[in-house]
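Analysis of the macromolecular model
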Amino acid sequence: MAKRGAKVILACRNEKRAKDAMRRIIEETDNKNVSYKIVDLGSLESVREFAKEIISCEDRLDILINNAGMQAPGIRHMTEDGLHPIMAVNYFGPFLLTNLLLGTSYIVHPLKQ
Ligand SMILES: NC(=O)c1ccc[n+]([C@@H]2O[C@H](COP(=O)([O-])OP(=O)(O)OC[C@H]3O[C@@H](n4cnc5c(N)ncnc54)[C@H](OP(=O)(O)O)[C@@H]3O)[C@@H](O)[C@H]2O)c1
């Protein structure tokens, strides 16, 4: 998408890896309109904050790619939301994010009121 000239926002949990990825994409595509924002998909609060930022900073969002995920057999602790981490990161986080960002092309959005 960066190669095709799109404005791209990487949604990453780790600042250093986000910066590295952003730099690599800019170098490889010569598109400087690539940035990153921090989000932990395993935290519903972080997802809400991220969505709020996108809604307040961007006029519209054309494509959302939900590709982040994890598999870690044997995890016993739950997230701060009381969810199993695999369910939180792979399903609930992306589901909430998608729902919060639905309608970013509409004039009225629940988080904008
Ligand atoms: N590889 C396969 O064979 C395969 C097969 C079937 C399905 N999948 C699915 O495809 C997706 C990508 O797999 P992959 O192999 O590319 O995995 P990967 O190399 O481990 O990459 C997963 C990405 O998700 C990010 N991520 C993990 N937890 C996160 C969190 N809490 N918040 C935000 N980002 C988070 C990671 O960020 P960091 O860089 O910070 O770690 C990483 O960039 C996953 O959903 C996986 O289940 C993969």
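Attention here is on the structure that accompanies the text. (Residues numbered from 1 in each chain as written. Predicted model: local features only at pLDDT ≥ 70, side-chain atom pairs only at ≥ 80, totals over all residues. Heavy atoms only, no water.)

What to know about the side chain of lysine 37
Spelled out, the test is: Each helix is a run of H or I in the DSSP string that is no shorter than four residues. Each strand is a run of E no shorter than two, and both are numbered from the N terminus. Distance and chemistry together define a polar contact, namely a pair of N or O atoms within 3.5 Å, with one atom able to donate a hydrogen and the other to accept it when in protein, and with adjacent residues in sequence counting only for side-chain atoms on both sides. In what follows, a contact means two residues having at least one pair of non-hydrogen atoms within 4.5 Å.
You can see lysine 37 is positioned in strand 2 (residues 34-38). At a separation of 3.4 Å, a polar atom in the side chain of lysine 37 contacts the side chain of glutamate 53. Excluding residues within four positions of it along the chain, lysine 37 makes contact with Ile9, Leu10, Ala11, Cys12, Phe50, Glu53, Ile54 and Cys57.

Re the site of the ligand
Selection criterion: We call a residue near a given molecule or strand whenever any one of its heavy atoms falls within 4 Å of it. Computed by Shrake-Rupley with a 1.4 Å probe, the accessible areas treat only the displayed protein chains as cover when residues are assessed. Gly counts as polar in this scheme, as do all residues outside two lists: the nonpolar Ala, Val, Leu, Ile, Met, Phe, Trp, Tyr, Cys and Pro, and the charged Asp, Glu, Lys and Arg.
Arg13, Asn14, Arg17, Val39, Asp40, Leu41, Gly42, Asn67, Ala68, Gly69 and Val89 make up every residue found near the ligand. Between an oxygen atom of the ligand and a side-chain N or O atom of arginine 17, the distance comes to 2.8 Å. For the ligand, a nitrogen atom lies 2.8 Å from a polar atom in the side chain of aspartate 40. For the ligand, whose accessible area on its own is 890 Å², the fraction buried by protein is 48%. Considering only residue class, the shell around the ligand consists of four nonpolar, four polar and three charged.

Regarding the pattern of salt bridges
Put simply, the test is: We define a salt bridge as a contact between a side-chain nitrogen of Lys or Arg and a carboxyl oxygen of Asp or Glu at a distance within 4 Å. Relative accessibility under 20% of the residue-type maximum defines a buried residue, over 50% an exposed one, and the middle range a partly exposed one, all with a 1.4 Å probe and only protein chains included.
With the rule as written, the count across this model stands at six salt bridges. For the salt bridge of aspartate 30 with lysine 32, the shortest nitrogen-to-oxygen distance reads 3.8 Å. Judged by its relative accessible area of 64%, lysine 32 is exposed. The closest approach of N and O atoms between lysine 37 and glutamate 53, which form a salt bridge, is 3.4 Å. Highlighted residues: lysine 37 in strand 2 and glutamate 53 in helix 2 (residues 44-57), separated in sequence by 16 residues. Using a relative accessible area of 16% as the deciding quantity, one classes lysine 37 as buried. Relative accessible area serves as the criterion here: at 37%, glutamate 53 is assigned to the partly exposed category. Via salt bridges that share partners, Lys16, Asp20 and Arg23 belong to a single interconnected network.

Keep in mind that these numbers describe shape and distance, not what the molecule does.
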